[in-house]
Amino acid sequence: MAFRQCPRRLWLEVHQPSLREDSAATEAKFAVGDLVGELARQLYDPEDNGVLVQVMEEGPDAGVARTEALLDKRVPIFEAGFQAAGARAFIDILRPVKKSGQRSWELIEVKSSTSLKGNHRDDVAIQAYVAQQAHLNLSAVKVAHIDTSFIYKGQDHYDGLLREIDLTHEALNRFDEVAQWVNLAQEIVASENMPFILTGAQCRSPHPCGFVKYCRTQEAPVAYSVDLLPRVQGELRRWMQAHQTRELSEVPDEKLTPVQLRVKKCTLSNSCFFDRAGAKSEVLSYSKPHTFLDFEAVQLAVPIWPGTHPYQMFPFQFSLHIRRQDGALDHHEFMDLSGAEPSRAFAEALVRACPTTGSIFVWNASFELARLGALAQQFADLKPSLSDIQDRIVDLLKIVEKCYYHPEQRGSWKLKRVLPTLSSVLNYDHLEGVKDGYMAVLAYVEAIQPETSFERRAQIEQELFTYCRLDSLALVTILNAMVNHSETELLVSSSRP
Ligand code: SF4
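Fair warning: this is a prediction, and the values are worked out from it, not measured in the lab.

Further remarks concern helix H11 (residues 258–269). Within an α-helix, residues lying three or four positions from one another point in the same direction, as the helix has 3.6 residues per turn. Compared with the 16 Å implied by 1.5 Å per residue over twelve residues, the 16 Å span of H11 between its first and last C-alpha is a close match. Every buried residue of H11 is accounted for by Gln 260, Val 263, Lys 264 and Thr 267. Buried positions in H11, seen along its axis, are confined to an arc of 95° and lie on one side of it. Those residues of H11 that are exposed and aimed more than 90 degrees away from the buried face are Pro 258 and Ser 269. Against strand E13 (404–405) lie the buried residues of H11.

A few words now on the domain arrangement of the chain. Per the domain assignment, the segments making up the chain are domain 1 (2–187), domain 2 (223–271) and domain 3 (277–495). Computed over C-alpha atoms only, the centres of domain 1 and domain 3 are separated by 40 Å. Contacts between the two partners involve 18 residues from domain 1 and, on the opposite side, 14 residues from domain 3. Here the element with the most residues in the side of domain 1 that touches domain 3 is helix H3 (residues 24–43); it accounts for seven residues. Class assignment for the residues of the side of domain 1 that touches domain 3 results in twelve nonpolar, five polar and one charged.

Further remarks concern helix H8 (residues 175–190). The end-to-end C-alpha distance of H8, which contains 16 residues, comes to 22 Å, matching closely the 22 Å that a straight helix rising 1.5 Å per residue would cover. Listed in full, the buried residues belonging to H8 are Val 178, Ala 185 and Ile 188. Looking down the long axis of H8, one finds its buried residues gathered within 80° of arc, a one-sided arrangement. Along H8, the residues that are exposed and aim more than 90 degrees away from the buried face are Asp 176, Gln 180, Glu 187 and Ala 190. Contact partners of the buried residues in H8: helix H1 (2–5), helix H2 (7–15) and helix H6 (118–133).

Let's shift gears to the pairing of strand E3 (residues 87–99). Note: strand E2 (residues 77–84) against E3, seven bridges, orientation antiparallel. Each residue of the ladder has a partner; that of Ala 84, found in E3, is Ala 87. Where E3 and strand E4 (residues 102–111) come together, seven bridges link them in antiparallel fashion. If you follow Lys 99 over to E4, its bridge partner there is Gln 102. Counted between consecutive antiparallel strands, the loop separating E3 from E4 contains two residues, among which Ser 100 sits at a positive phi close to 50°.

Turning to the packing of helix H17 (residues 415–422) against helix H19 (residues 454–482), a few remarks are in order. Between H17 and H19, the shortest axis-to-axis distance is 10 Å and the interhelical angle comes to 50°. With respect to their mutual orientation, H17 and H19 come out oblique. The way H17 lies across H19 gives a crossing that is left-handed. Together, Leu 415, Val 418, Leu 419 and Leu 422 of H17 and Asp 471, Ala 474, Thr 477, Ile 478 and Ala 481 of H19 make up the contact between the two elements. A class-by-class count of the residues in the contact of H17 with H19 yields seven nonpolar, one polar and one charged.

Let us look at the pairing of E4. Relative to strand E5 (residues 138–146), E4 is paired through seven bridges, and the arrangement is parallel. For Val 110, the partnering residue across the bridge sits in E5 and is Ala 144. Chirality of the crossover, the property in question, places the unit of E4, H6 and E5 among those that are right-handed.

For any part of a model where pLDDT is low, the fine detail of the predicted coordinates should not be relied upon. On average, the chain scores 92 in pLDDT, and the residues at 70 or more come to 97%. Low pLDDT, under 50, characterises residues 485–497; the stretch is placed with 26 contacts to residues that sit more than four places away or in other chains.

Cut-offs and rules
Residues numbered from 1 in each chain as written. Predicted model: local features only at pLDDT ≥ 70, side-chain atom pairs only at ≥ 80, totals over all residues. Helix = DSSP H or I, 4+ residues; strand = E, 2+ residues; numbered from the N terminus. Expected span 1.5 Å × (residues − 1). Buried ≥ 20, exposed ≤ 12 C-beta atoms within 10 Å, placed from the backbone. Arc of directions from axis to C-beta. Contact = placed C-beta atoms within 7 Å. Domains from an automatic or database assignment. Nonpolar A, V, L, I, M, F, W, Y, C, P; charged D, E, K, R; others polar. Pairing = 2+ DSSP bridges. Axes fitted to C-alpha atoms, helices over the stretch in contact; angles between N-to-C directions. Parallel < 35°, antiparallel > 145°, perpendicular 65-115°, else oblique. Left-handed = near helix turned anticlockwise from the far one by under 90°. Right-handed = clockwise from strand over helix to strand, strands pointing away. pLDDT = per-residue confidence, 0-100.

Take a look at the structure:
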C-alpha cells in the first residue's frame, strides 16, 4: 500500500524507516483505527473463540506461521498473515464459513472511515491476491467501515456500528493488476538507490506521508515554494503538476485567485499587505460589546454515550473574552472532563457567559455555527438563546483574510500563523503539552478514561484551559491589531460560569 501511494515511500519504509515523522493528526488517526479494530474483533467474534496474531510482537514470519497453524482450528483469526508470490499481507479479520458443505473463509478489512475509499479497494485486492496465492479458499472479500447512521443504545451494544461492503467480485478480478504492483514494488525494494520522485499531490493522498520533511530536504532548494499558495486545486493543481512547477515566481498571475495572488506578491516582495482603513471600518461596524469565543470539541468514531452516533461532534470546552466599555477584558471559561456527555452543560454555561448584546468574534465561523446549530436542535429550551448567539457570530478570519497578509503566515490563515505576525507577546510555542486542536482532543479522551489518575487529569485540565484561553485571547489581539489597539490594553479578570 505504501508503493501504491508512492514508490519512494515504499523504498523509504523498507530502507530508512527512522526518517518517517508522523504528525499528531496521523497519530490520532492510528489511535482511532486501533480502537475500531479492537471493537470489530468483538463484533465478529461474539463467541470469543477467535485468535489475534500479534504481528508486532511475534514478528511477521512467526505471524504467518502461526496463521497457517490456526487455519485448521476454523476459528476467526485477526491479523491473519499470509506470504506468497513475493508479497505479504495481514488481514484484519478472517472468518471461517461453511456453505453447502464447502469450507471457505471470509476476508474483512476494517476501516475507521465513514465511507469506502479507492485505496480500500486496492487494499482488499492485494490481501485477497496474497491469500489466494497462499491457497486459501476465499468465498467473500469485504470492507467494513463505520456507519454514521448507527445510534449507540448503551451497555456496549455495538451491533450495526460497522457497515459491510462486498467487494468479492471486484477484488478477485484484479489479480493481474496486483501481480504487476507486487513485481514493481519488489524491484523498488531491491534497488540500492532511492527512486527519484518530486514531492507533490501524492504526499497528501490518500494519507499524509510521514517522509515529506525528509523528501523536501533532498530537493533542489527553491527561493519560494509553490507550497506557500493556499487552496491549490482544480485547474491550478493540474497546471502545476503538468509543468512540475516548484518555484512560486513561475506560477502565472492569471492562474491565481485574488488571495493566492496576494500571497505570491507579498512573498516575492517580502512585504506585508494591510488594508488598515478597510479592516478598521469593518471591525467598527460590528456592535459592542465585542466578545471573543473559541470552542474545543471531540468526535468519537466509537460512540460512548447512549443516543449518540459515530463521529458526532461534542463541544466540551470554551474560552470567552468580553471587552468591557473601559477597555478591560472579562474572561469566562468552561470545561467538562467528568466523562458524561458534555453538550448540555456546555450549552448552559455558554448561554450564561455570553452577553445578550453585541458581536461575538470567532475564527473560521463555520465550526462554531455548526456546533451552535446542533446544540439548538438538541435542547429546545435553550434554542432561543443559542440561536441568538449564532446570529451574532462574526468571522474574524474573513476580515483578516480580506484585509491582511504577512509573508510569515506562509500561505496559511490559521490562528497560530497569523498571531505571531501581530504579537510579540502571545505565542503557541510557549505552551506545555496541548498545543493544537488534535492534541486537545487526545488530551480530552485521555482525561475522561476512568483509569486516568487524578494528578494526570488535573494536568490535562490545566493544559486545556491554557490552550483554549490563548485561542480566544489571540482573537482579541488580532482584532486589536486590525483597529490599531495596543496589546498592553489586555487587562483580564477571569471567571468560570
Ligand atoms: S513525501 Fe511524497 S515524494 Fe516523499 S516518499 Fe512521501 S509521498 Fe513520496
